[in-house]
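# A structural walkthrough
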Amino acid sequence: MNYALELKEVSKTYDNSDFVLDKVSFSLPQGAVMGFVGENGAGKTTTIGCVLNTLFRNSGVVRLFGKEMTDDDIELRENIGVVYDGNNFPDYLTAGQLSDIMQGVYQKWDNALFQKYLNTFHLNKSQKIGRYSKGMTMKLAIAVALAHHPKLLILDEATSGLDPVMRDEMLDVFLEFVGTDEHSILLSSHITSDLEKIADYITFIHNGKIILTERKDNLIYNYAILRCREKQFAELDTKDILAYRRQDYQIDVLVSDKRQAERKYAGVVIDHATIDEIMLVLVKGDRQ
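Turning next to the pattern of salt bridges. Using the criterion set out here, one finds 13 salt bridges in the structure. Here Glu 230 and Arg 246 are joined by a salt bridge, their closest N and O atoms 2.9 Å apart. Of the two residues, Glu 230 is situated in helix H9 (residues 230–234) and Arg 246 in strand S12 (residues 243–246); the sequence distance between them amounts to 16 residues. Taking the shortest distance from any N to any O, the salt bridge between Asp 237 and Lys 264 comes out at 3.5 Å. Taken together, the positions of Asp 237 in the loop between H9 and S12 and Lys 264 in helix H10 (residues 258–264) put the pair 27 residues apart, joining distant regions of the chain. Judged by its relative accessible area of 32%, Asp 237 falls in the partly exposed class. What you see here is one network of salt bridges that share partners, running through Arg 227, Asp 252, Asp 271 and Glu 277.

And the structure:
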């Protein structure tokens, strides 16, 4: 299998901070979308910084398309489109001026494609970016990221702050992008409904550590939550328990095989698990 992105035991520490990015490892196959999920401060943006070499990593290896990227590696950078949550460009520029600048930055800058996205997103190329709404600035950033024909999109909370209609438009653009087998997306987001729509894989990060990477369809269709009373919980096979979370009147137990659990635990209520529920049990719960 060919990978657009591979991280092997990537670690990062900060001076005057207790936070540690601790041996983060995961792989994104070419032609796939990976949702990168975790609570605020879990390490998503730090991981992305290590991928892009905007942060110094203490140890570990990052490969893009099978190759480690150096600061001088222009060709690899040409193949990456990046969108951050927040202001990606100076407020005093217009989209038209931004296009002129990007033409000098990217060898494969496609002004006609950029203009197409401006029209599709209803963005005025003569209006200063500082007068754009939050949604408009995100649309502009996505148009810029796509207009130099990248093979990998790295999106750090790119849909946060957008209304549901606008988010749906963006997700359709992302799905169109990965319609080509060589295109891939790493999408950091806390909006799990977005990931349920477009992701092929989900990677969960918590306190700087990867706690689970799994195919999205396996999470949705095979993972489950057992709603146990105390006595039922005590009778569970510990090998079946991925994590558990005590509630007021029950214990929610995460398992990876719903059908097996139904056969083994006939008296226990078993529900399909949403990505939100899986994350809550993994993050706020305990492990055996």
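Using the criterion set out here, one finds five aromatic pairs in the structure. Considering the side-chain rings of Trp 109 and Phe 114, the 5.1 Å spacing of their centres and the 50° angle between planes classify their relative orientation as tilted. The exposure class of Trp 109 is buried, given its relative accessible area of 9%. Assessed through its relative accessible area of 0%, Phe 114 is described here as buried. Directly above the ring of Tyr 14 sits Lys 12, whose terminal nitrogen or CZ lies 5.0 Å from the centroid. Looking at Lys 116, its charged tip hangs above the ring of Tyr 117, at a distance of 6.0 Å from the centre.

Let's shift gears to the layout of surface pockets. Space inside the largest pocket adds up to approximately 400 Å³. If you go around the largest pocket, you meet 18 residues; those closest to its centre are Ile 80, Gly 81, Val 82, Tyr 106 and His 148. Among the elements of the structure, helix H2 (74–78), strand S6 (80–84), helix H3 (95–105) and helix H5 (134–146) are those that each provide at least two residues to the lining of the largest pocket. A total of four residues in the lining of the largest pocket trace back to one element, the largest contributor, which is S6.

Bringing the environment of Asp 163 into the picture now. Within the element layout of this structure, Asp 163 appears in the loop between strand S7 (152–156) and helix H6 (164–177). Taking relative accessible area as the criterion, Asp 163 reaches 37% and is therefore assigned partly exposed. For the pair Asp 163 and Gly 135, spaced 28 residues apart in the sequence, the C-alpha separation amounts to 8.0 Å. A distance of 2.8 Å separates a polar side-chain atom of Asp 163 from the backbone nitrogen of Met 166.

Criteria and cut-off values
- Residues numbered from 1 in each chain as written.
- Predicted model: local features only at pLDDT ≥ 70, side-chain atom pairs only at ≥ 80, totals over all residues.
- Heavy atoms only, no water.
- Salt bridge = Lys/Arg side-chain N within 4 Å of Asp/Glu carboxyl O.
- Helix = DSSP H or I, 4+ residues; strand = E, 2+ residues; numbered from the N terminus.
- Buried < 20%, exposed > 50% of the residue type's maximum accessible area, 1.4 Å probe, protein only.
- Phe/Tyr/Trp six-rings, centres within 6.5 Å; stacked < 30°, edge-to-face > 60°.
- Lys NZ or Arg CZ within 6 Å of the ring centre and 35° of its normal.
- 1 Å grid on protein atoms, 1.4 Å probe; cavity = no way out; pocket = protein on both sides within 12 Å on 5 of 7 lines; lining within 4 Å.
- Points joined across faces, edges and corners; volume = space filled by probe spheres on them.
- Polar contact = N/O pair within 3.5 Å; in protein donor to acceptor, adjacent residues only side chain to side chain.

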